[in-house]
Amino acid sequence: METQSTQPQRRSVSSLSLIEGEESVTEVVLRAMARTEDVRLRTVVASLVSHLHDFLREVRPSDEEFEQGLAFIAALGHATHATNNEVVLAADVLGLSTLVTTMNNSTQDGRTPGALLGPFYRPNAPRYQCGDCVVQDDSPGLPLFVSGTVRTTDGTVLPNAMVEIWQASPIGLYDNQDPRQPDRNLRGMFHADAEGNYHFRTVRPAGYPVPIDGPVGKLLAAQHRHPYRPAHIHFIVAAPGHRTLVTQVFADDSEILESDVTFGVHRQLVGAFQLVETGPGPWGDLQAPFYTLQFDFTLEPGEQTFPTPPID
Ligand code: DHB
Ligand code: FE
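Attention here is on the structure that accompanies the text. Note that this is a predicted model, so its numbers are computed, not measured.

Conventions we followed
- Residues numbered from 1 in each chain as written.
- Chains lettered and ligands numbered in written order.
- Predicted model: local features only at pLDDT ≥ 70, side-chain atom pairs only at ≥ 80, totals over all residues.
- Heavy atoms only, no water.
- Axes fitted to C-alpha atoms, helices over the stretch in contact; angles between N-to-C directions.
- Helix = DSSP H or I, 4+ residues; strand = E, 2+ residues; numbered from the N terminus.
- Parallel < 35°, antiparallel > 145°, perpendicular 65-115°, else oblique.
- Left-handed = near helix turned anticlockwise from the far one by under 90°.
- Contact = heavy atoms within 4.5 Å.
- Salt bridge = Lys/Arg side-chain N within 4 Å of Asp/Glu carboxyl O.
- Buried < 20%, exposed > 50% of the residue type's maximum accessible area, 1.4 Å probe, protein only.
- Near = heavy atom within 4 Å.
- Polar contact = N/O pair within 3.5 Å; in protein donor to acceptor, adjacent residues only side chain to side chain.
- Areas by Shrake-Rupley, 256 points an atom, 1.4 Å probe, with all protein chains shown as cover.
- Nonpolar A, V, L, I, M, F, W, Y, C, P; charged D, E, K, R; others polar.
- Donors = N, O, S within 2.8 Å, 3.2 Å for Na, K, Ca; no water.
- Tetrahedral: all angles 85-135°; square planar, octahedral: opposite > 155°, others 65-115°.
- Pairing = 2+ DSSP bridges.
- Phe/Tyr/Trp six-rings, centres within 6.5 Å; stacked < 30°, edge-to-face > 60°.

It is worth spelling out the packing of helix α1 (residues 22–32) against helix α2 (residues 39–59) at this point. Axis separation between α1 and α2 bottoms out at 10 Å; the angle between their running directions is 165°. Classified by the interaxial angle, the pair formed by α1 and α2 is roughly antiparallel. The two elements α1 and α2 cross, and the hand of that crossing is right-handed. The segment α1 lies against α2, with E22, E23, V25, T26, V29 and L30 engaging A46, V49, S50, H53 and R57.

Here it is as structure tokens:
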């Protein structure tokens, strides 16, 4: 009596898209994505997959470690809400944001380096005349007189260039973080004169910590890193026919210039904050003590655009 085989017929396996060994995983995944029509998307995701796979082959995580890594990324999302973007913060403390900013802001031809816009840029800064003061309360910090010239890369001045600034208070808080400050305190928009010169008065800012109540704070603690940024003033400098400059100027006497938690301190962005102990201020009727800061900006010819404020 003939017995029929109960074994299902084996198909012969010749497909290139089955997994066989570590290296094959990357090849199979890349092949699965090869039909992406958007060329940039195809290139970027293929590179991302290749580098992530190489990263995993290098660190060889256990299953538990892989779960911990994914849980860290999920926690970034959970800690993100209207007033805190933990994903951006993670990119900042890993140096990713500063790397991209540095790649996208060449310092050729004397151009001023760029720096992060940061999470505290707000729209509708008060409009001021040059020489005005951006301090709207009786803040106890030392006054700071800021002045400089805006130029293009061939050295000619940019008349009427727009200079917008924002900064933290002498206790290290932006207006929107501090209910005791008037709305849009320590923010202002100015226009340079016909010779490209701007000047305004403010108060010396203090350094401040990034938020440490989320997963990024835990990472910083594990790395024995402090969460502070050195004292700085944010600037947006713009002129028609020029690429808008988003940058920050740091106080040269800050003790943590070399350990900015977001790696923002470009050598050329350290400004000379000079303490003047006697005599009158450079304008207005203020007497010493005060600080002065002289800082010039050089923009490159290009398209004038404006950054989107991350908050209202
Ligand atoms: C700034 C603050 C941050 O918390 C950050 O991650 C990046 C920049 C800033 O305001 O300078
Ligand atoms: Fe800042």
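Next comes the rest of the write-up.
So, on to the pattern of salt bridges. All told, the structure shown has 14 salt bridges when counted by the stated rule. Of the charged contacts, one joins D54 and R57 as a salt bridge, the two residues approaching to 3.1 Å between their closest N and O atoms. Here D54 pairs with R57, and both are found in helix α2, just three residues apart, close to one helical turn. Exposure remark for D54: the relative accessible area of 46% places this residue in the partly exposed category. Across the pair R122 and D175 runs a salt bridge whose closest N-O atoms are separated by 2.7 Å. Here R122, found in the loop between α5 (96–103) and β1 (143–152), pairs with D175, found in the loop between β2 (162–167) and β3 (187–191); they are 53 residues apart in sequence, far enough to count as distant. Under the relative-accessibility criterion, R122 is labelled buried at 10%. Residue D175 is classed as buried on the basis of its relative accessible area of 6%.

Before going further, it helps to examine the site of ligand 1. Lining the immediate surroundings of ligand 1 are 13 residues, of which D92, Y208, R229, H232 and H234 lie closest. At 2.5 Å, a side-chain N or O of Y208 approaches an oxygen atom of ligand 1. Within the side chain of R229, an N or O atom sits 2.4 Å from an oxygen atom of ligand 1. In isolation ligand 1 offers 300 Å² of accessible surface; the protein chains occlude 98% of this area. Of all elements in the fold, only α4 (86–93) and β7 (232–238) reach the threshold of two or more residues within the shell around ligand 1. The residue inventory of the shell around ligand 1, partitioned by class, reads six nonpolar, five polar and two charged.

A few words now on the environment of V88. Here V88 is to be found in helix α4. When its relative accessible area of 41% is taken as the criterion, V88 is described as partly exposed. Through-space distance from the C-alpha of V88 to that of P143 is 32 Å; in sequence the pair is 55 residues apart.

Protein ligation of the iron ion (ligand 2) involves Y174 (OH), Y208 (OH), H232 (NE2) and H234 (NE2), the donor distances falling in the range 1.9 to 2.1 Å. In this structure, the iron ion (ligand 2) is surrounded by six donor atoms whose angles at the metal cover 55 to 165°, and the resulting shape is irregular. Taken in sequence order, the residues that donate to the iron ion (ligand 2) follow the motif Y-x33-Y-x23-H-x1-H. Taken together, the residues span a long stretch of sequence, with Y174 in the loop between β2 and β3 and H234 in strand β7 at a distance of 60 residues.

Summarising the sheet, β1 and strand β11 (residues 290–294) pair through four bridges and their orientation is parallel. Along β11, the bridge assignment pairs L144 with Y291. Note: strand β10 (residues 274–276) against β11, three bridges, orientation antiparallel. Considered in β11, the bridge of V276 is made with F290.

The next point concerns the packing of aromatic side chains. All told, the structure shown has 14 aromatic pairs when counted by the stated rule. Between Y121 and W166, the ring centres sit 4.6 Å apart and the planes meet at 40°, which makes this aromatic pair tilted. Taken together, the residues span a long stretch of sequence, with Y121 in the loop between α5 and β1 and W166 in strand β2 at a distance of 45 residues. We classify W166 as buried; its relative accessible area is 1%. Taken together, Y128, F190, Y198, F200, F235, F295 and F297 form an aromatic cluster joined through their ring pairs.

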